[in-house]
Amino acid sequence: MSRSRFAAIILAAGEGTRLNSARPKVLHEIAGQPMIRHVIDALRPLDPAATIVVIGRDLDSVTHAVAPAPSVVQSPPRGTGDAVRVARPALTDRLAQGDIADILVLFGDTPLLRAETIAELLATRRRAPQAAVAIAGMRPADPSPYGRLVLGDDGAPLRIVEAKDADAEERAIGLCNGGIMALDSRHAFDLMDRIGNNNAKREFYLTDIVAIARALGLLCRVAELPAEELLGVNTRAELAEAEALMQDRLRRRAMEAGATLIAPETVFLAADTRLGRDVVIEPNVVFGPGVTVADNVVIRSFSHLEGAEIAPGATVGPFARLRPGAVLEADVHVGNFVEIKATRLGAGVKASHLSYLGDSDIGAGTNIGAGTITCNYDGFNKFRTIIGERAFIGSNTALVAPVTVGDDAYVATGSVVTSDVPADALAIARARQVDKPGRARELRERLKGNKG
Ligand code: UD1
Ligand code: CA
């Protein structure tokens, strides 16, 4: 069998101390999804033969976030070299099949890495004559936290020295270790076994394998890759920096796909936001995860959307909130201060002002008046409101679920609807108005008299 595939090991067992967080580092989110998901997503187009994630003890939340990729536990975290070793048993069977050329080591804390860049690292290792180790070089604006690459006269790496262990001369080197590596699968674990922990942190450094491979006469190579993509997130400041870079990338992608972002720097997208052609996004709009917007939709300023599906021609906002399960069919209009949750609005529905529509299904052509509220929760359970097509719900109506309003029904303004309204019926569910002639003056006189 030809050796044409690779297996990926993603390291995510570090304690992430510098984030000062109760949450595992790799679960901190960039563009609405855990950092480590971005790494797994970058691998997908390259079709790895296997992907193993190395996690810390008691991190079921990470196991869950990376599934279906299997995870193995490294406990305690004794360094990046040790972490790679821990993944070995999970790959033994796969390696025995003989088609795996490379072990690719990635970090769970580099969320900006793109598939093309990973492919370049793999290609660098495989270029004839094949190298045992290909490392990612980068030239970040601030090299201070990174390991430095010490190169020989021939341009090949001699060793990597960690920032903490570097002397003044080594600290002056601008070429840094991006962290990720491609290794010849025939040598990878043998090299790992030779790593010691004689360094400032008493850890088994993956980075030592460059010097180890050289000493064994094996070839090492550097692929110089974009520093931006290799940004390692260790602190909250770096988390914000990665978010900004990712937002920039997502905004650019949305605009290339034909969406107008009037002030792109004020629009926040999730990694999975899908925007159609000729969509217009006004300034200051936030997309949480799971939003799909079809062609010719306008999202007006200060709207917040999450888990929503919007069909062509709809307009949303300003100041609208779409929560998970909001489905807006063609030409729907959702206006200011309207909140929609787990509700389908059929084609052409209008909910223009000040409403809460939750756990509902609203038929095509229905008009929802200002101030309509679906009372879907009694403090214990949630109930559904079903409204038919072409209905008219008058302003300030409370729909006490479970309740159904039929097609073409008309609900009078100010109604509290507690029982089903048949199709075509007019429902008036409010106290009848009583006028008492002259009583306003009498009342005023009395109140004046009472005033101390
Ligand atoms: C590492 C590199 C450094 C490089 C930088 C690039 C080493 C020794 N150093 O430093 O040369 O410039 O990345 O971003 O590799 N992890 C484990 N188990 C452990 C320790 C770490 O799984 O025992 C994981 C972490 O969760 C993280 C990754 O490995 O995802 C990198 O570890 P981290 O401590 O962030 O290494 P850096 O100090 O950033
Ligand atoms: Ca790091």
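Look up a bit, the structure's there.
Here is what the cut-offs are and how they apply
Residues numbered from 1 in each chain as written. Chains lettered and ligands numbered in written order. Predicted model: local features only at pLDDT ≥ 70, side-chain atom pairs only at ≥ 80, totals over all residues. Heavy atoms only, no water. Core = buried A, V, L, I, M, F, W, Y, C linked by side-chain atoms within 4.5 Å. Buried < 20%, exposed > 50% of the residue type's maximum accessible area, 1.4 Å probe, protein only. Helix = DSSP H or I, 4+ residues; strand = E, 2+ residues; numbered from the N terminus. Contact = heavy atoms within 4.5 Å. Donors = N, O, S within 2.8 Å, 3.2 Å for Na, K, Ca; no water. Expected span 1.5 Å × (residues − 1). Bend = angle between axes of the 7 residues up to and from the residue. Near = heavy atom within 4 Å. Polar contact = N/O pair within 3.5 Å; in protein donor to acceptor, adjacent residues only side chain to side chain. Areas by Shrake-Rupley, 256 points an atom, 1.4 Å probe, with all protein chains shown as cover. Nonpolar A, V, L, I, M, F, W, Y, C, P; charged D, E, K, R; others polar. Salt bridge = Lys/Arg side-chain N within 4 Å of Asp/Glu carboxyl O. Pairing = 2+ DSSP bridges.

Observations concerning the nonpolar core
Ranked by internal contacts, the top residues of the largest apolar core, which has 89 residues, are Leu-104, Phe-287, Ile-310 and Leu-322. For this core, the element with the highest residue contribution is helix α1 (residues 35-43), accounting for six residues. With sequence-adjacent residues up to four places away left out, Leu-322 is seen in contact with His-304, Leu-305, Glu-306, Ala-308, Ile-310, Val-316, Leu-328, Val-334 and Ile-340. Ranked by size, the runner-up nonpolar core spans 37 residues in total, among them Ala-83, Val-84, Ile-135 and Leu-149.

With respect to the coordination of the calcium ion (ligand 2)
Only Asp-109 (OD) and Asn-234 (OD1) from the protein reach the calcium ion (ligand 2) as donors, at distances of 2.4 to 2.5 Å. With Asp-109 in the loop between β6 (100-107) and α4 (115-126) and Asn-234 in the loop between β11 (220-224) and α8 (236-256), this residue pair connects regions lying 125 residues apart in the sequence.

So, helix α3 (residues 80-96)
Between its first and last C-alpha, α3 extends 24 Å over 17 residues, near the 24 Å set by a 1.5 Å rise per residue. If you look at α3, its biggest bend is around 55°, right at Ala-90. For α3, the set of buried residues is Gly-81, Asp-82, Ala-83, Val-84, Arg-85, Ala-87, Leu-91 and Arg-94. Where the residues of α3 are buried, they touch β1 (5-12), β4 (50-55), β5 (71-73), β6 and α6 (188-193).

A word on the site of ligand 1
Taken together, the neighbourhood of ligand 1 is formed by 23 residues, with Ala-13, Gln-74, Gly-79, Glu-162 and Asn-177 sitting nearest. At 3.2 Å, a side-chain N or O of Asp-109 approaches an oxygen atom of ligand 1. Here an oxygen atom of ligand 1 and a backbone polar atom of Gly-147 are 3.0 Å apart. Coverage of ligand 1 by the protein chains reaches 93% of its 760 Å² of free accessible surface. Of all elements in the fold, only β1, α3 and β10 (176-184) reach the threshold of two or more residues within the shell around ligand 1. Broken down by class, the residue content of the shell around ligand 1 amounts to eight nonpolar, ten polar and five charged.

Quick look at the pattern of salt bridges
Where charged atoms of side chains with opposite charge meet at close range, the side chains can pair. Considering all chains together, one arrives at 28 salt bridges under this definition. Salt bridges sharing common partners tie together Arg-3, Asp-102, Arg-125, Arg-126, Asp-184 and Arg-186.

Some remarks on the pairing of strand β8 (residues 148-151)
Relative to strand β9 (residues 157-161), β8 runs antiparallel, the two sharing four bridges. Paired with Leu-149 across the two strands is Ile-160, which belongs to β9. Counting the residues that bridge the hairpin from β8 to β9 gives five residues, and of these Gly-155 lies at a positive phi of roughly 85°.

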